[in-house]
Amino acid sequence: MEIATLIISVLTLLTTIAGIVVSVVLYKKQKKDAALAEKKRKEEERQNAKDELDAIGVIPFGAPGFSRMDLAKVAYLKVKAGRR
């Protein structure tokens, strides 16, 4: 009877430890996946800003037909695209 109780206690301890290890492994994987998703999102934003800048082309400052808002948007896109 005493051996059976000892075996059950050891098995309970092992399952508890296994549960903790699995939780830690899953947490680290989620954290890694979130970091990769964030990196991918930032790269997509950067590429979209580059594409939009290329579509706009070169706008000379003070050009007729362009408002301050257009010039501000170009400046913002340059920062977002990493062009400075």
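Scroll up for the structure.
From a predicted model like this one, the values you see are computed outputs, not experimental measurements.

Draft legend 1. Up close: a nonpolar patch on the surface. The grouping of I3, L6, I7, V10, L11 and L14 at the surface amounts to a nonpolar patch, some 580 Å² of accessible area in total. Considering the arrangement of structural elements, one finds I3 in helix α1 (residues 2-56).

Draft legend 2. Just helix α2 (residues 68-81), in detail. Between its terminal C-alpha atoms α2 stretches 20 Å, which fits the 20 Å expected from 14 residues at 1.5 Å a residue. What α2 keeps buried is the set L71, V74, L77 and A81. Buried residues of α2 fall within an arc of 120 degrees about the axis and therefore sit on the same side. Of the residues in α2, the exposed ones pointing more than 90 degrees away from the buried face are R68 and M69.

Draft legend 3. Molecular detail of the packing of α1 against α2. The interhelical angle for the contact between α1 and α2, taken along N-to-C directions, is 140 degrees, at an axis separation of 8 Å. Classified by the interaxial angle, the pair formed by α1 and α2 is oblique. Note that α1 runs across α2; the crossing there is left-handed. Contacts from E45, R46, A49, K50, E52, L53 and I56 of α1 reach α2 at K73, V74, L77, K78, K80 and A81. Classifying every residue of the contact of α1 with α2 gives six nonpolar, no polar and seven charged.

Draft legend 4. Quick look at α1. Its 55 residues place the ends of α1 81 Å apart at the C-alpha level, agreeing with the 81 Å of an ideal helix rising 1.5 Å per residue. Of the residues one or two after α1, G57 is the one with positive phi, at around 85 degrees.

Draft legend 5. Here's a closer look at the environment of G65. With respect to the element layout, G65 can be found in the loop between α1 and α2. Judged by its relative accessible area of 77%, G65 is exposed. As a C-alpha pair, G65 and E45 span 20 residues in sequence and 27 Å in three-dimensional space.

Cut-offs used in this document
- All chains use their own residue numbering, which begins from 1 and follows the written sequence.
- The predicted origin of the model limits local features to residues at a pLDDT of at least 70 and limits the giving and counting of side-chain atom pairs to 80 or more, whereas totals for whole chains, interfaces and linings rest on all residues.
- Side-chain descriptors were evaluated using all non-hydrogen atoms of the structure, hydrogens and water having been removed beforehand.
- Every patch collects residues that have over 30% relative accessible area and no salt bridge, joining them within 9 Å if they carry like charges and within 5 Å if they are nonpolar side chains (Val, Leu, Ile, Met, Phe, Trp, Tyr).
- A 1.4 Å probe and the Shrake-Rupley method give the accessible areas. Residues count as covered only by the protein chains that appear here.
- Every case where a carboxyl oxygen of Asp or Glu lies within 4 Å of a side-chain nitrogen of Lys or Arg is listed as a salt bridge.
- By definition, any uninterrupted DSSP run of H or I lasting at least four residues is a helix, any uninterrupted run of E lasting at least two residues is a strand, and each is numbered from the N terminus.
- Residue count minus one, scaled by 1.5 Å, sets the expected span of a helix.
- The buried label applies to any residue whose accessible area, calculated with a 1.4 Å probe on protein chains only, is under 20% of its type's maximum; exposed applies above 50%, and partly exposed to all values in between.
- The directions from the helix axis to the C-beta atoms are what the arc is built from.
- Each axis is a line fitted through C-alpha atoms, taken for helices only over the stretch in contact, and angles between the N-to-C directions span 0 to 180 degrees.
- Orientation is classified from the angle alone, with under 35 degrees giving roughly parallel, over 145 giving roughly antiparallel, 65 to 115 giving roughly perpendicular, and any other angle giving oblique.
- Each crossing gets its handedness from the near helix: less than a right angle anticlockwise from the far helix is left-handed, clockwise is right-handed.
- Contacts were defined at the residue level, with two residues in contact if any of their heavy atoms lie within 4.5 Å.
- Classes in brief: Ala, Val, Leu, Ile, Met, Phe, Trp, Tyr, Cys and Pro nonpolar; Asp, Glu, Lys and Arg charged; the others, Gly included, polar.

Worth remembering: the numbers are spatial, not functional.
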